[in-house]
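# A closer look at the structure
So the chains spell out like this:
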Amino acid sequence: DDNNVEIVFRDVVVDDNGDDGIELDLSTSFIDKYAVTFKNVVATGNVGNGVRATTTTSKPDSHMAYTVDESNFSNNDGLGFFLDASSGGGDTTVTIDETTASDNGDDGIEITVGADDDDDMLVTITNTVANDNAGFGIEIVDNRNRQCAFTAAIEAVTANNNAMDGIRVDMHSELSFVVDVHDVTASANGDCGVFVESSGDINATAASAEVMLKKVVAEGNGDGNATDSNVRVVENSDANLAVQLVDVRTRGANGGSNVFVQEGDGGDLTVTFDHVVADGSVGASGVEINEQDGGALIVMVDGHVSVSNNADDGLLLTETGGSDTTIVPTLNAVSGADNGGVLVRGVLDGKTIVMRG
């Protein structure tokens, strides 16, 4: 089909080049579908990036699909694997599996995606290692500011000892987002272990803003800055945000709280904990939850939460604005000792607090 393009790099080795190992630049206004595959590609030791791929299309309803499988993008002076698919005219899908991107002079893996209104963006990263990079381990950015839906699924990933965040997801979608981080280790990074941020003007009436972290280990992240947390989730629109933490172990954040969650622009914030450890923050609280500018704050504890030996509060809840009720059910499932402040401190702007359990 003249309106479809398929490019496959299979069993390719590009080592020790004076610039990028592979540079791919696709720009068109008439292609219906791009399909680009990197299968068993080794791009290491290059002066530039291991792989740099850029896709630009202005054709409405086009589809861009990138697949990376069983590849190694390590020890490059620049980024390991860099994909810029932010100028898409339709749905965008990126799938990375069984890949290593470590010891690079910048990010291990950086993906920038974008779509037009009413389109979907899906990024899936599984069974991947991104350690010891001079930038982020893995960075995913949606930067189009359009009425589109964004989903990121990150599973069975290790991102340790990176100079910046181990895993960072930065979204600007205006319709909805879902981020699922499952079976991940992100420890000893220079900033945060896992950082999920939304900066788009999400349509609150239609939005689905959800973040799930399950079986996550994030310990010893940060280099002393107040924003350095083991797990950090920040949503800066008026959409309602739901965050779930299940079987999450965080200890020893150096600078910020072990777990920090904030809804910053008026939407409701619901945070659910199920077997979470948030002990030993060096400079702040075990768990810090902020609801700003009028939304309701709902904190549910379905399984035990440990918040001990933190420099500040064990559990700090802050709610400001026009909401009438803050609910903290099953509070007896939260335990903490030897914190610098108190177990629970709420700055609730005169609102009602209902504790159950």
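Residues numbered from 1 in each chain as written. Predicted model: local features only at pLDDT ≥ 70, side-chain atom pairs only at ≥ 80, totals over all residues. Heavy atoms only, no water.

## Details of the overall build of the protein
Within the protein, the secondary structure is distributed over zero helices and 27 strands. Relative to its 357 residues, the protein shows a buried fraction of 56%. A separation threshold of at least 6 residues defines the contact pool for the protein, and within that pool the share at least 24 residues apart is 86%. Just so you have it, the protein exposes about 12800 Å², and 42% of that area is on carbon and sulfur atoms. (Helix = DSSP H or I, 4+ residues; strand = E, 2+ residues; numbered from the N terminus. Buried < 20%, exposed > 50% of the residue type's maximum accessible area, 1.4 Å probe, protein only. Contact = heavy atoms within 4.5 Å. Areas by Shrake-Rupley, 256 points an atom, 1.4 Å probe, with all protein chains shown as cover.)

## Examining the packing of aromatic side chains
On inspection of all chains with the given rule, the structure shows three aromatic pairs. Here the aromatic rings of phenylalanine 9 and phenylalanine 38 are separated by 5.0 Å at their centres, their planes lie at 5°, and the arrangement is stacked. Of this pair, phenylalanine 9 sits in strand 1 (residues 4-13) while phenylalanine 38 sits in strand 3 (residues 33-42), placing them 29 residues apart in sequence. Assigned by exposure class, phenylalanine 9 and phenylalanine 38 land together as buried. Taken together, the ring pairs in this structure connect Phe9, Phe38, Phe73 and Phe81 into an aromatic cluster. (Phe/Tyr/Trp six-rings, centres within 6.5 Å; stacked < 30°, edge-to-face > 60°.)

## Some words on the pattern of salt bridges
Within the structure shown, the criterion is met by seven salt bridges. A salt bridge links arginine 168 to glutamate 197; the shortest N-O distance between them is 3.0 Å. Within this pair, whereas arginine 168 is found in strand 12 (residues 167-171), its partner glutamate 197 is found in strand 14 (residues 194-198), the two being separated by 29 residues in sequence. Taking relative accessible area as the criterion, glutamate 197 reaches 17% and is therefore assigned buried. Look at the salt bridges and you will find they share partners, linking Asp165, Arg168, Asp170 and Glu197 into a network. (Salt bridge = Lys/Arg side-chain N within 4 Å of Asp/Glu carboxyl O.)

## Details of the confidence of the model for the protein
The share of residues in the protein with pLDDT of 70 or more is 80%, and the mean pLDDT across the chain is 84. Contacts for the low-pLDDT stretch residues 352-357, under 50 throughout, to residues beyond four places or in other chains number 18 contacts. (pLDDT = per-residue confidence, 0-100.)

## Re the pairing of strand 10 (residues 138-142)
Most of strand 10 is tucked away: five of the five residues are buried. Residues Ile138, Ile140 and Asp142 of strand 10 are buried on one face, and the alternating residues Glu139 and Val141, pointing to the opposite face, are buried as well. Pairing of strand 8 (residues 109-113) with strand 10, which is carried by five bridges, proceeds in the parallel orientation. The partner of isoleucine 109 across the bridge, within strand 10, is isoleucine 138. (Pairing = 2+ DSSP bridges.)

## A word on the nonpolar core
With 75 residues, the main nonpolar core has Phe38, Phe150, Val169 and Leu245 as its most contacted residues. Beyond its immediate sequence surroundings of up to four residues, leucine 245 is in contact with Leu213, Val231, Val259, Val271, Thr272, Phe273, Asp274 and Val276. (Core = buried A, V, L, I, M, F, W, Y, C linked by side-chain atoms within 4.5 Å.)

## Re the pairing of strand 23 (residues 315-319)
Summarising burial for strand 23: five of the five residues are buried, a large majority. Across the two faces of strand 23 the burial is the same, with Leu315, Leu317 and Glu319 and Leu316 and Thr318 all buried. In this sheet, strand 23 lies alongside strand 20 (residues 287-291) in parallel orientation, the contact comprising five bridges. Bridge pairing in strand 23 links glutamate 288 to leucine 316.

## Re the environment of asparagine 160
Inspection of the secondary structure assignment puts asparagine 160 in the loop between strand 11 (149-158) and strand 12. Residue class for asparagine 160 comes out buried when judged on its relative accessible area of 16%. Separated by 59 residues in the primary sequence, asparagine 160 and glutamate 219 have C-alpha atoms spaced 9.6 Å apart. Residues in contact with asparagine 160, not counting those within four places in the same chain, are Ala130, Asn131, Asp132, Thr185, Ala186, Ser187 and Asn189.

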